[in-house]
Amino acid sequence: MADKRSERTFIMVKPDGVQRGLVGEIMKRFENRGYKLVACKMCRPSQEHLEEHYRDLKSKPFFPGLITYMTSGPVVCMVWEGKEVVKMGRMMLGATNPLESNPGTIRGDFCIDVGRNICHGSDSVESGKRESSHWFKEGEIQEWKPAEFDWVY
Ligand code: RTP
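Parameters and conventions
Residues numbered from 1 in each chain as written. Predicted model: local features only at pLDDT ≥ 70, side-chain atom pairs only at ≥ 80, totals over all residues. Heavy atoms only, no water. Pairing = 2+ DSSP bridges. Helix = DSSP H or I, 4+ residues; strand = E, 2+ residues; numbered from the N terminus. Axes fitted to C-alpha atoms, helices over the stretch in contact; angles between N-to-C directions. Contact = heavy atoms within 4.5 Å. Near = heavy atom within 4 Å. Polar contact = N/O pair within 3.5 Å; in protein donor to acceptor, adjacent residues only side chain to side chain. Areas by Shrake-Rupley, 256 points an atom, 1.4 Å probe, with all protein chains shown as cover. 1 Å grid on protein atoms, 1.4 Å probe; cavity = no way out; pocket = protein on both sides within 12 Å on 5 of 7 lines; lining within 4 Å. Sits in = over half its atoms within 2 Å of the grid points. Nonpolar A, V, L, I, M, F, W, Y, C, P; charged D, E, K, R; others polar.

Caption draft 1: Summary view of the sheet that holds strand E3 (residues 75-81). Reading across from one edge, E2-E3-E1-E4 is the order of the 4 strands in this open sheet, with antiparallel pairing throughout. Across the chains shown, the open sheet's two edge strands, defined by having one partner strand only, are strand E2 (36-43) and strand E4 (119-121). Averaged over all neighbouring strand pairs, the angle between strand axes comes to 15°, with direction disregarded. Of the strand pairs in this sheet, strand E1 (residues 8-13) and E3 are connected by 6 bridges, and their pairing is antiparallel. In the sheet register, Thr9 faces E3, and the bridge partner there is Trp80. Packing of helix H2 (residues 23-33) onto the sheet brings it into contact with E1, E2, E3 and E4, and relative to E3 it is tilted by some 5°. Along the sheet face, helix H5 (residues 85-93) touches E1, E3 and E4 and points at about 25° away from the line of E1.

Caption draft 2: Geometry of the site of the ligand. The environment of the ligand is formed by Lys14, Tyr54, Leu57, Phe62, Leu66, Arg90, Thr96, Arg107, Val114, Asn117, His120 and Gly121. Within the contact set of the ligand, an oxygen atom lies 3.0 Å away from a side-chain nitrogen or oxygen of Arg90. Between Asn117 and the ligand, the recorded distance is 2.8 Å, taken from a side-chain N or O atom to an oxygen atom. If the ligand stood free it would expose 560 Å²; the protein chains cover 75% of that surface. According to the grid-proximity analysis, the pocket containing the ligand is the largest pocket. Residue composition of the shell around the ligand, by class: 5 nonpolar, 4 polar and 3 charged.

Below you can see the structure in the form of structure tokens.
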């Protein structure tokens, strides 16, 4: 069985989250919770790249609007690693619809519109793997272990 401590999830700060200056806030929450950042970059994804990312939603009526929103500015992409990070990440993001996202979650604290809901998080371990390799090239995801801290006093 896969080691849950090395589970990985793909988290993205969407264009509205970047424009509202919430990148640091979102990263802080994952770091504070105890997760390890293994990849991070800002990019301006193409329509084709996003259509592939959201391929399961292609038939939804909101799909064209979703793609327009997601291509409206740069996004910040991250891969976070740690124990059950997929499930916990979704919990930290909050429900898709802000009307249902609890206060204390990212969406519950910072947004009011499902079409401007700040962040994305993988919904399964499999999606985490697929999305991480869709957004990051090999070599952009770092394997690292915390140091022994003999240089911190
Ligand atoms: P995400 O993939 O972005 O993390 O969102 P999710 O799993 O929580 O929700 P999903 O159903 O996959 O929807 C993807 C994104 O589409 C937008 N959306 N708009 N009724 C609507 O107008 C509507 N429903 C969904 C949201 O931005 C949602 O995050």
